[in-house]
Amino acid sequence: MKRAKITGIGHYVPEHVVTNADLEKLMDTTDEWIINRTGIKERRHADNKTGASDLGVIASENAMKMAGVKPEDIDLIIFATVSSDYYFPGAAVLIQKKMSMKNIGAFDVRAACSGFVYGLSIADQFIRAGMNENILLIGAEVQTVALKFDTEHRDLSILFGDGAGAVIVQPSNNSSGILSTHLHSQGEHAKSLWMPAPGSHFHPWISHEIIDNELHLPVMNGKEVFKHAIVRFPEVIQEALDTNNLSLEDVALIIPHQANYRISQAVARRMGIGMDKMYSNIHKYGNTTAASIPIAMSEAYAEGRFSEGDYVILAAFGSGFTWASAAIRW
Ligand code: COA
(Lines give C-alpha, C1' and ligand atoms only; values in the text may rest on other atoms or scores of the structure.)
Protein backbone atom coordinates (compact mmCIF):
# COMPACT_ATOMS: atom_id res chain seq x y z
CA MET A 1 0.00 0.00 0.00
CA LYS A 2 1.43 3.40 -0.98
CA ARG A 3 1.92 6.00 1.70
CA ALA A 4 0.34 9.44 1.32
CA LYS A 5 2.57 12.52 1.28
CA ILE A 6 2.04 16.25 1.65
CA THR A 7 3.57 17.73 -1.51
CA GLY A 8 2.35 21.32 -1.23
CA ILE A 9 1.53 23.69 1.64
CA GLY A 10 0.15 27.21 1.51
CA HIS A 11 -1.65 29.70 3.68
CA TYR A 12 -3.41 33.03 3.53
CA VAL A 13 -4.56 35.42 6.25
CA PRO A 14 -6.74 38.54 5.84
CA GLU A 15 -4.83 41.82 5.72
CA HIS A 16 -6.70 43.55 8.55
CA VAL A 17 -4.59 43.29 11.74
CA VAL A 18 -6.39 43.71 15.08
CA THR A 19 -3.95 44.35 17.91
CA ASN A 20 -4.54 43.98 21.64
CA ALA A 21 -4.47 47.80 21.80
CA ASP A 22 -7.38 47.86 19.31
CA LEU A 23 -9.35 45.51 21.61
CA GLU A 24 -8.57 47.68 24.65
CA LYS A 25 -10.73 50.38 22.98
CA LEU A 26 -13.72 48.01 22.69
CA MET A 27 -13.71 46.17 26.04
CA ASP A 28 -12.24 46.14 29.51
CA THR A 29 -8.99 44.29 28.81
CA THR A 30 -5.26 45.04 28.54
CA ASP A 31 -2.43 44.08 26.23
CA GLU A 32 -0.59 42.76 29.29
CA TRP A 33 -3.50 40.49 30.38
CA ILE A 34 -3.92 39.03 26.89
CA ILE A 35 -0.18 38.41 26.38
CA ASN A 36 0.29 36.88 29.85
CA ARG A 37 -2.73 34.54 29.61
CA THR A 38 -2.56 33.61 25.92
CA GLY A 39 0.64 34.84 24.20
CA ILE A 40 -1.49 36.61 21.57
CA LYS A 41 -0.38 40.06 20.39
CA GLU A 42 -2.57 40.44 17.31
CA ARG A 43 -4.96 38.52 15.08
CA ARG A 44 -6.51 38.98 11.62
CA HIS A 45 -10.15 39.79 10.92
CA ALA A 46 -11.73 39.15 7.51
CA ASP A 47 -13.67 42.02 5.91
CA ASN A 48 -17.45 41.84 5.60
CA LYS A 49 -17.34 40.47 2.04
CA THR A 50 -15.10 37.48 2.82
CA GLY A 51 -16.19 33.96 3.76
CA ALA A 52 -14.08 30.94 4.74
CA SER A 53 -14.03 29.64 1.15
CA ASP A 54 -12.58 32.95 -0.13
CA LEU A 55 -9.59 32.62 2.21
CA GLY A 56 -9.42 28.92 1.31
CA VAL A 57 -9.08 29.66 -2.42
CA ILE A 58 -5.91 31.74 -1.93
CA ALA A 59 -4.36 29.22 0.50
CA SER A 60 -5.19 26.45 -2.01
CA GLU A 61 -3.58 28.35 -4.90
CA ASN A 62 -0.39 28.66 -2.83
CA ALA A 63 -0.37 24.94 -1.91
CA MET A 64 -1.08 23.89 -5.51
CA LYS A 65 1.75 26.08 -6.78
CA MET A 66 4.23 24.37 -4.44
CA ALA A 67 2.98 20.89 -5.44
CA GLY A 68 2.93 21.80 -9.15
CA VAL A 69 -0.70 20.74 -9.62
CA LYS A 70 -3.48 22.50 -11.51
CA PRO A 71 -7.19 22.77 -10.58
CA GLU A 72 -8.05 20.05 -13.15
CA ASP A 73 -5.66 17.61 -11.39
CA ILE A 74 -7.49 17.76 -8.02
CA ASP A 75 -9.70 14.69 -7.49
CA LEU A 76 -11.09 15.33 -3.97
CA ILE A 77 -11.65 18.42 -1.80
CA ILE A 78 -11.82 18.17 2.00
CA PHE A 79 -12.61 21.41 3.84
CA ALA A 80 -12.15 21.55 7.63
CA THR A 81 -14.08 24.42 9.20
CA VAL A 82 -16.63 25.45 11.81
CA SER A 83 -17.42 28.67 9.92
CA SER A 84 -18.54 27.48 6.50
CA ASP A 85 -19.82 30.33 4.27
CA TYR A 86 -23.38 28.98 4.52
CA TYR A 87 -25.06 26.57 6.95
CA PHE A 88 -25.28 24.21 3.98
CA PRO A 89 -23.91 23.23 1.54
CA GLY A 90 -20.39 23.09 2.94
CA ALA A 91 -17.48 25.26 1.87
CA ALA A 92 -15.77 22.45 -0.12
CA VAL A 93 -18.24 22.73 -3.00
CA LEU A 94 -17.67 26.50 -3.13
CA ILE A 95 -13.95 25.80 -3.65
CA GLN A 96 -14.85 23.39 -6.49
CA LYS A 97 -16.86 26.15 -8.18
CA LYS A 98 -14.52 29.09 -7.46
CA MET A 99 -11.43 27.19 -8.62
CA SER A 100 -13.18 25.66 -11.68
CA MET A 101 -12.37 22.12 -10.61
CA LYS A 102 -13.93 19.02 -12.15
CA ASN A 103 -17.12 17.48 -10.68
CA ILE A 104 -15.09 15.71 -8.00
CA GLY A 105 -16.05 14.72 -4.44
CA ALA A 106 -16.11 17.63 -2.02
CA PHE A 107 -17.13 17.67 1.65
CA ASP A 108 -16.61 19.50 4.93
CA VAL A 109 -15.22 18.18 8.23
CA ARG A 110 -16.63 19.78 11.39
CA ALA A 111 -14.17 18.60 14.03
CA ALA A 112 -13.37 22.18 15.13
CA CYS A 113 -9.72 22.70 16.13
CA SER A 114 -8.93 19.06 15.30
CA GLY A 115 -10.58 19.39 11.87
CA PHE A 116 -7.38 19.69 9.86
CA VAL A 117 -5.76 16.59 11.39
CA TYR A 118 -9.06 14.68 11.03
CA GLY A 119 -9.09 15.75 7.36
CA LEU A 120 -5.47 14.70 6.92
CA SER A 121 -6.33 11.27 8.31
CA ILE A 122 -9.18 10.95 5.79
CA ALA A 123 -6.90 12.06 2.93
CA ASP A 124 -4.29 9.53 4.08
CA GLN A 125 -6.80 6.65 3.99
CA PHE A 126 -8.18 7.66 0.56
CA ILE A 127 -4.67 7.81 -0.96
CA ARG A 128 -3.58 4.52 0.66
CA ALA A 129 -6.72 2.81 -0.64
CA GLY A 130 -5.91 3.97 -4.17
CA MET A 131 -9.11 6.00 -4.42
CA ASN A 132 -7.43 9.39 -5.09
CA GLU A 133 -4.12 10.85 -6.33
CA ASN A 134 -4.41 14.61 -5.76
CA ILE A 135 -6.37 15.63 -2.69
CA LEU A 136 -6.81 19.28 -1.71
CA LEU A 137 -7.26 19.60 2.06
CA ILE A 138 -8.11 23.04 3.44
CA GLY A 139 -8.51 24.38 6.98
CA ALA A 140 -10.11 27.83 6.93
CA GLU A 141 -12.16 29.99 9.26
CA VAL A 142 -13.94 33.32 9.23
CA GLN A 143 -15.11 32.96 12.80
CA THR A 144 -14.74 36.52 14.11
CA VAL A 145 -18.26 37.16 12.72
CA ALA A 146 -19.57 34.96 15.56
CA LEU A 147 -17.84 36.99 18.30
CA LYS A 148 -18.96 40.04 20.24
CA PHE A 149 -16.35 42.64 21.01
CA ASP A 150 -17.42 43.84 24.44
CA THR A 151 -16.42 43.16 28.06
CA GLU A 152 -19.06 40.47 28.59
CA HIS A 153 -17.68 38.39 25.71
CA ARG A 154 -13.97 39.22 26.11
CA ASP A 155 -12.93 35.67 27.08
CA LEU A 156 -13.56 34.48 23.51
CA SER A 157 -13.18 37.62 21.41
CA ILE A 158 -9.52 38.13 22.39
CA LEU A 159 -8.63 34.54 21.45
CA PHE A 160 -9.89 33.89 17.96
CA GLY A 161 -8.83 35.08 14.50
CA ASP A 162 -9.50 34.35 10.81
CA GLY A 163 -7.22 32.61 8.32
CA ALA A 164 -6.68 29.66 6.00
CA GLY A 165 -4.12 26.96 5.28
CA ALA A 166 -4.14 24.22 2.65
CA VAL A 167 -2.15 21.15 1.62
CA ILE A 168 -1.98 18.85 -1.38
CA VAL A 169 -1.83 15.14 -0.51
CA GLN A 170 -0.53 12.70 -3.12
CA PRO A 171 0.84 9.11 -3.17
CA SER A 172 4.47 8.99 -2.00
CA ASN A 173 7.07 7.44 -4.27
CA ASN A 174 9.40 6.55 -1.39
CA SER A 175 9.20 5.81 2.36
CA SER A 176 8.49 9.45 3.32
CA GLY A 177 4.97 10.70 3.97
CA ILE A 178 2.21 10.40 6.56
CA LEU A 179 3.32 7.59 8.90
CA SER A 180 0.26 7.44 11.16
CA THR A 181 -2.76 9.38 12.36
CA HIS A 182 -4.75 9.01 15.58
CA LEU A 183 -8.21 10.48 16.18
CA HIS A 184 -10.07 10.80 19.51
CA SER A 185 -13.16 12.40 20.98
CA GLN A 186 -15.08 12.66 24.25
CA GLY A 187 -18.58 14.03 23.65
CA GLU A 188 -19.37 14.41 27.35
CA HIS A 189 -17.42 17.67 27.08
CA ALA A 190 -19.40 18.94 24.06
CA LYS A 191 -20.71 21.91 26.06
CA SER A 192 -17.30 23.05 27.34
CA LEU A 193 -16.73 24.87 24.03
CA TRP A 194 -19.76 25.13 21.80
CA MET A 195 -22.16 27.25 19.80
CA PRO A 196 -25.68 25.88 20.41
CA ALA A 197 -27.65 27.51 17.55
CA PRO A 198 -28.75 27.25 14.85
CA GLY A 199 -29.30 23.53 15.35
CA SER A 200 -31.89 20.78 15.17
CA HIS A 201 -32.07 20.65 18.98
CA PHE A 202 -34.21 23.78 18.73
CA HIS A 203 -37.67 23.82 17.13
CA PRO A 204 -37.57 26.15 15.25
CA TRP A 205 -33.80 26.09 15.04
CA ILE A 206 -33.46 29.87 14.93
CA SER A 207 -35.82 32.32 16.62
CA HIS A 208 -35.87 35.76 18.22
CA GLU A 209 -35.71 33.97 21.59
CA ILE A 210 -32.51 32.13 20.59
CA ILE A 211 -30.94 35.41 19.51
CA ASP A 212 -32.15 37.30 22.61
CA ASN A 213 -30.53 34.58 24.77
CA GLU A 214 -27.34 34.69 22.62
CA LEU A 215 -27.48 30.96 21.89
CA HIS A 216 -26.08 31.74 18.44
CA LEU A 217 -22.76 32.81 19.99
CA PRO A 218 -19.90 30.50 21.07
CA VAL A 219 -19.52 29.73 24.78
CA MET A 220 -16.38 28.39 26.44
CA ASN A 221 -15.41 27.07 29.84
CA GLY A 222 -11.80 28.23 29.48
CA LYS A 223 -10.47 26.50 32.58
CA GLU A 224 -12.03 23.15 31.60
CA VAL A 225 -10.58 23.41 28.07
CA PHE A 226 -7.15 24.26 29.48
CA LYS A 227 -7.20 21.37 31.98
CA HIS A 228 -8.01 18.74 29.34
CA ALA A 229 -5.79 20.21 26.60
CA ILE A 230 -2.61 19.94 28.65
CA VAL A 231 -3.31 16.21 29.22
CA ARG A 232 -4.56 15.25 25.75
CA PHE A 233 -1.80 17.00 23.75
CA PRO A 234 1.07 15.04 25.40
CA GLU A 235 -0.98 11.82 25.27
CA VAL A 236 -1.69 12.02 21.54
CA ILE A 237 1.86 13.17 20.70
CA GLN A 238 3.22 10.18 22.65
CA GLU A 239 0.81 7.90 20.77
CA ALA A 240 2.27 9.16 17.46
CA LEU A 241 5.82 8.57 18.71
CA ASP A 242 5.13 5.08 20.12
CA THR A 243 3.35 3.89 16.97
CA ASN A 244 6.43 4.72 14.90
CA ASN A 245 9.13 3.72 17.43
CA LEU A 246 10.28 7.34 17.59
CA SER A 247 11.61 9.31 20.53
CA LEU A 248 11.26 13.06 21.02
CA GLU A 249 14.94 13.40 20.07
CA ASP A 250 14.14 11.97 16.62
CA VAL A 251 11.53 14.68 15.95
CA ALA A 252 12.56 17.95 14.29
CA LEU A 253 9.38 19.86 15.19
CA ILE A 254 6.03 19.45 16.91
CA ILE A 255 3.34 21.64 15.35
CA PRO A 256 0.47 21.92 17.84
CA HIS A 257 -2.87 23.56 17.22
CA GLN A 258 -2.33 27.19 18.23
CA ALA A 259 -4.85 27.32 21.09
CA ASN A 260 -2.90 29.31 23.63
CA TYR A 261 0.84 29.82 24.21
CA ARG A 262 0.41 28.80 27.87
CA ILE A 263 -1.07 25.46 26.77
CA SER A 264 1.93 24.82 24.48
CA GLN A 265 4.32 25.77 27.29
CA ALA A 266 2.58 23.38 29.72
CA VAL A 267 2.68 20.58 27.12
CA ALA A 268 6.40 21.15 26.48
CA ARG A 269 7.06 21.13 30.23
CA ARG A 270 5.11 17.90 30.72
CA MET A 271 7.00 16.25 27.86
CA GLY A 272 10.39 17.53 29.02
CA ILE A 273 11.18 19.46 25.83
CA GLY A 274 12.08 23.08 25.13
CA MET A 275 9.81 25.52 23.31
CA ASP A 276 12.32 25.42 20.42
CA LYS A 277 10.75 22.07 19.45
CA MET A 278 7.18 23.33 19.82
CA TYR A 279 6.23 25.64 16.94
CA SER A 280 4.32 28.77 17.81
CA ASN A 281 2.93 31.65 15.77
CA ILE A 282 -0.09 32.38 17.97
CA HIS A 283 1.27 35.86 18.78
CA LYS A 284 0.46 36.88 15.17
CA TYR A 285 -2.86 35.15 14.47
CA GLY A 286 -4.53 34.05 17.72
CA ASN A 287 -6.48 30.81 17.56
CA THR A 288 -7.65 30.18 13.99
CA THR A 289 -9.37 26.83 14.81
CA ALA A 290 -9.13 24.43 11.80
CA ALA A 291 -6.74 26.79 9.99
CA SER A 292 -4.13 27.00 12.74
CA ILE A 293 -2.12 23.83 12.02
CA PRO A 294 -1.83 24.32 8.23
CA ILE A 295 -0.94 28.02 8.69
CA ALA A 296 1.71 27.03 11.28
CA MET A 297 3.03 24.21 9.08
CA SER A 298 3.23 26.54 6.08
CA GLU A 299 5.16 29.20 8.04
CA ALA A 300 7.43 26.64 9.76
CA TYR A 301 8.32 25.14 6.37
CA ALA A 302 9.04 28.57 4.87
CA GLU A 303 11.26 29.37 7.88
CA GLY A 304 13.26 26.17 7.29
CA ARG A 305 12.18 24.64 10.63
CA PHE A 306 11.92 21.23 8.94
CA SER A 307 13.09 19.80 5.62
CA GLU A 308 13.38 16.55 3.66
CA GLY A 309 13.78 13.47 5.84
CA ASP A 310 12.72 15.22 9.08
CA TYR A 311 10.08 13.80 11.40
CA VAL A 312 7.27 16.24 12.23
CA ILE A 313 4.34 15.66 14.59
CA LEU A 314 1.03 17.53 14.21
CA ALA A 315 -1.19 17.60 17.30
CA ALA A 316 -4.65 19.08 17.81
CA PHE A 317 -7.18 19.55 20.59
CA GLY A 318 -10.46 21.42 20.66
CA SER A 319 -14.24 21.57 20.85
CA GLY A 320 -15.94 18.19 21.25
CA PHE A 321 -13.66 17.50 22.90
CA THR A 322 -11.77 16.15 19.91
CA TRP A 323 -8.04 15.57 19.75
CA ALA A 324 -5.73 14.04 17.15
CA SER A 325 -2.16 13.65 15.93
CA ALA A 326 -0.27 12.86 12.75
CA ALA A 327 3.33 11.65 12.43
CA ILE A 328 4.98 12.73 9.19
CA ARG A 329 8.35 11.92 7.60
CA TRP A 330 8.90 14.95 5.42
N1 COA B 1 -9.18 40.71 29.73
C2 COA B 1 -9.08 40.99 31.04
N3 COA B 1 -9.61 40.21 31.99
C4 COA B 1 -10.24 39.10 31.59
C5 COA B 1 -10.36 38.75 30.24
C6 COA B 1 -9.81 39.61 29.30
N7 COA B 1 -9.87 39.37 27.97
N8 COA B 1 -11.04 37.59 30.16
C9 COA B 1 -11.33 37.23 31.42
N10 COA B 1 -10.84 38.14 32.28
C11 COA B 1 -10.93 38.16 33.74
C12 COA B 1 -12.07 37.33 34.25
O13 COA B 1 -13.28 38.06 34.26
C14 COA B 1 -11.61 37.01 35.66
O15 COA B 1 -11.87 38.11 36.49
P16 COA B 1 -12.34 37.87 38.02
O17 COA B 1 -11.21 37.10 38.66
O18 COA B 1 -12.53 39.25 38.51
O19 COA B 1 -13.60 37.05 37.91
C20 COA B 1 -10.11 36.87 35.51
O21 COA B 1 -9.77 37.56 34.29
C22 COA B 1 -9.66 35.46 35.42
O23 COA B 1 -10.47 34.80 34.46
P24 COA B 1 -10.33 33.31 34.17
O25 COA B 1 -11.39 32.91 33.16
O26 COA B 1 -10.26 32.55 35.47
O27 COA B 1 -8.90 33.32 33.48
P28 COA B 1 -8.00 32.15 33.06
O29 COA B 1 -6.72 32.23 33.76
O30 COA B 1 -8.74 30.84 33.07
O31 COA B 1 -7.73 32.53 31.54
C32 COA B 1 -8.32 31.85 29.34
C33 COA B 1 -8.77 32.57 30.59
C34 COA B 1 -9.49 31.82 28.34
C35 COA B 1 -7.17 32.62 28.73
C36 COA B 1 -7.86 30.41 29.72
O37 COA B 1 -8.85 29.79 30.50
C38 COA B 1 -7.56 29.57 28.55
O39 COA B 1 -6.63 29.84 27.81
N40 COA B 1 -8.31 28.48 28.31
C41 COA B 1 -8.15 27.66 27.15
C42 COA B 1 -8.86 28.33 26.02
C43 COA B 1 -8.58 27.70 24.69
O44 COA B 1 -7.47 27.35 24.39
N45 COA B 1 -9.62 27.59 23.88
C46 COA B 1 -9.53 27.09 22.57
C47 COA B 1 -9.32 25.62 22.59
S48 COA B 1 -9.20 25.03 20.98
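Residue indices begin from 1 for each chain and proceed along its sequence in written order. Residue-level local features of this predicted model are given only where pLDDT is at least 70; pairs of side-chain atoms are given and counted only at 80 or more, and the full residue set underlies all totals for whole chains, interfaces and linings. Hydrogens are left out, water is left out, and the side-chain values use all remaining heavy atoms of the structure.

**Student:** So, the packing of helix α8 (residues 222-243) against helix α9 (residues 261-271): which residues are in play, and what are the values?
**Tutor:** Lines fitted to C-alpha atoms define the axes here, with helix axes fitted over just the stretch in contact, and angles between the N-to-C directions of these axes take values from 0 to 180 degrees. Where helices and strands are cited, they refer to DSSP runs of H or I of at least four residues and of E of at least two residues respectively, numbered from the N terminus. Two numbers describe how α8 lies on α9: the axes approach to 9 Å, and their chain directions differ by 50 degrees. Relative to α9, the element α8 is oriented oblique. As α8 packs across α9, the resulting crossing turns out to be right-handed. Mapping the contact onto sequence places F226, A229, I230, V231, F233, P234, I237 and Q238 in α8 and R262, I263, A266, V267, R270 and M271 in α9. Any residue outside Ala, Val, Leu, Ile, Met, Phe, Trp, Tyr, Cys, Pro, Asp, Glu, Lys and Arg is labelled polar, Gly included; the first ten of those are nonpolar and the last four are charged. Each residue belonging to the contact of α8 with α9 can be placed in one class, and the counts come to 11 nonpolar, one polar and two charged. Convention used here: angles under 35 degrees read as roughly parallel, angles over 145 as roughly antiparallel, angles from 65 to 115 as roughly perpendicular, and any remaining angle as oblique. Two helices cross in a left-handed way if the nearer one is turned anticlockwise from the farther one by less than a right angle. They cross in a right-handed way if the turn is clockwise. Contacts are residue-level and defined by heavy atoms, with any inter-residue pair within 4.5 Å sufficient.

**Student:** Help me get a handle on the sheet that holds strand β5 (residues 105-109), residues and values and all.
**Tutor:** Strand pairing in a sheet takes place through backbone hydrogen bonds and is either antiparallel or parallel in direction. Pairing is mixed in the open sheet, where five strands are placed in the order β1-β7-β6-β4-β5. Only two strands of the sheet have a single neighbouring strand rather than two, namely β1 (4-12) and β5. Geometrically, the sheet is characterised by an average inter-axis angle of 20 degrees between neighbouring strands, direction not taken into account. Sheet topology note: the strand β4 (residues 76-80)/strand β6 (residues 135-141) ladder contains five bridges and is parallel. Paired with F79 across the two strands is I138, which belongs to β6. Lying on the sheet, helix α3 (residues 52-67) is in contact with β1, β4, β6 and β7 (163-171); it crosses β1 at an angle near 130 degrees. When DSSP locates at least two bridges between a pair of strands, those strands are taken to pair.

**Student:** An account of the site of the ligand is needed here, citing residue identities and associated values.
**Tutor:** Here a residue is near a molecule or strand as soon as one of its heavy atoms is found within 4 Å of it. As a structural note, the neighbourhood of the ligand is formed by 21 residues, with T29, R37, R154, K223 and N260 the closest of them. Residues adjacent in sequence count toward polar contacts only when both atoms are side-chain atoms; beyond that, a polar contact is any pair of N or O atoms within 3.5 Å, and within protein one must be able to donate a hydrogen and the other to accept it. W33 places a side-chain nitrogen or oxygen 3.5 Å from an oxygen atom of the ligand. The side chain of R37 places a nitrogen or oxygen atom 2.5 Å from an oxygen atom of the ligand. For the ligand, the protein covers 72% of the area, taking 960 Å² as the surface of the free molecule. Of all the secondary structure elements, the ones that give two or more residues to the shell around the ligand are α2 (31-38), α8 and β12 (311-318). Looking at which element gives the most residues to the shell around the ligand, the answer is α8, with four residues. In terms of residue class, the shell around the ligand is built from 10 nonpolar, seven polar and four charged. In this structure, the shell around the ligand is formed jointly by two domains, domain 1 (4-173) and domain 2 (178-329), each of which donates at least three residues. Using the Shrake-Rupley algorithm and a 1.4 Å probe, accessible areas are obtained, with residue cover drawn only from the displayed protein chains. Domain start and end points were adopted from an automatic or database domain assignment.

**Student:** Explain the packing of α3 against helix α4 (residues 91-98) to me, and be specific about the residues and the numbers.
**Tutor:** Running from N to C, α3 and α4 cross one another at 55 degrees; their axes reach a closest spacing of 9 Å. Relative to α4, the element α3 is oriented oblique. With respect to the hand of their crossing, α3 and α4 are arranged in right-handed fashion. Every residue of α4 that contacts α3 at S53, D54, G56 and V57 is listed here: A91, L94, I95 and K98. Of the residues contributing to the contact of α3 with α4, the split by class is four nonpolar, two polar and two charged.

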